[in-house]
Amino acid sequence: MVRTRVHSLFVSSDGFAAGDYVTLEKPIGEAGALFSKFDGRVIHGMDDPVTVDRAMFSMWGQGIGAEIMGRRKFGPQSGEWPDDGWEGWWGDEPPFLTPVFILTHYPRKSLEFANGTSFHFVDESPEKALRLAQDAAGGLDVRIGGGPSTVSEFLQSDLIDFMHVVIVPVVLGAGVRIWDHLAGLEDRFSVESISTSSGLTHQLWNRKDRV
């Protein structure tokens, strides 16, 4: 069964999942506190002692054949793409290792990297973008990589089968909310939670009709 998945979606105690303003220096705006307990190295396996947090984060790449992300996750630019050589936040070795479809109203030439990552810029609806990603995923799952507005859009379109949500014990007070316009969402999912000694609470949302 091919699924559409969300992983490591960090959400503050007051429901924010990113800051309002993305800049070159602040890829998630004023929401850096959300990631203070996250070591991104575990997404491709664990060399350190196994903890619940590390085990949960390591699910990020398992069985994934393609990703979809919003434009603000790729970079801070808006409008027409400037001729500035920008290829994302991740340098010459983006961690995705799969085709990535970036939702934008300003398509541009695809970018290819030696490690198997490729970025494709598409002006499509969630449904059409998901079909493109599924075709590219080779029978594996598709990850909706964020940001929160993109995840919310796919949830509103009822296209998400699984979510790993991480509730972080910080209060941001402002930013991009994740749960707006999603009243009753929990009725479509079974939800399990586990809290760890780090203070994080991991929620696993499985769509009921796909379990």
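The structure under discussion appears in the preceding block.
Criteria and cut-off values
Residues numbered from 1 in each chain as written. Predicted model: local features only at pLDDT ≥ 70, side-chain atom pairs only at ≥ 80, totals over all residues. Heavy atoms only, no water. Salt bridge = Lys/Arg side-chain N within 4 Å of Asp/Glu carboxyl O. Helix = DSSP H or I, 4+ residues; strand = E, 2+ residues; numbered from the N terminus. Buried < 20%, exposed > 50% of the residue type's maximum accessible area, 1.4 Å probe, protein only. Phe/Tyr/Trp six-rings, centres within 6.5 Å; stacked < 30°, edge-to-face > 60°. Contact = heavy atoms within 4.5 Å. Polar contact = N/O pair within 3.5 Å; in protein donor to acceptor, adjacent residues only side chain to side chain.

S.K.: How should the pattern of salt bridges be read in this particular structure?
M.R.: Side chains that carry opposite charge are capable of pairing whenever their charged atoms lie near each other. This structure, assessed with the given rule, holds 11 salt bridges. The closest approach of N and O atoms between Asp-141 and Arg-5, which form a salt bridge, is 2.9 Å. Of this pair, Asp-141 sits in strand β7 (residues 141–146) while Arg-5 sits in strand β1 (residues 4–12), and the two are 136 residues apart along the sequence. Its relative accessible area of 8% is what places Asp-141 among the buried residues. Look at Arg-5 and you get buried, because its relative accessible area is 5%. One network of salt bridges, in which partners are shared, links Asp-158, Asp-161, Arg-188, Arg-207 and Asp-209.

S.K.: I'm lost on the packing of aromatic side chains in this one. Help?
M.R.: What the rule picks out here adds up to 15 aromatic pairs. Seen from their ring centres, Trp-60 and Phe-96 are 6.1 Å apart, and the 45° between their planes marks the pair as tilted. Separated by 36 residues along the polypeptide, Trp-60 in the loop between α1 (52–57) and β3 (64–70) and Phe-96 in the loop between α2 (71–74) and β4 (99–103) bring together distant segments of the chain. Each of the two residues, Trp-60 as well as Phe-96, counts as buried. Residues Trp-179 and Trp-205 carry aromatic rings whose centres are separated by 5.5 Å and whose planes lie at 20° to one another, so their mutual orientation is stacked.

S.K.: What exactly am I supposed to notice about the environment of Ser-110 here?
M.R.: With respect to the helices and strands, the residue Ser-110 is situated in the loop between β4 and β5 (111–112). With relative accessibility at 31%, the residue Ser-110 sits in the partly exposed group. A C-alpha to C-alpha distance of 9.8 Å links Ser-110 and Val-100, two positions 10 residues apart in sequence. Look past the residues within four positions of Ser-110 in its chain and what remains in contact with it is Phe-119, His-120 and Phe-121. Side-chain polar atoms of Ser-110 contact the side chain of His-120, separated by 2.8 Å.

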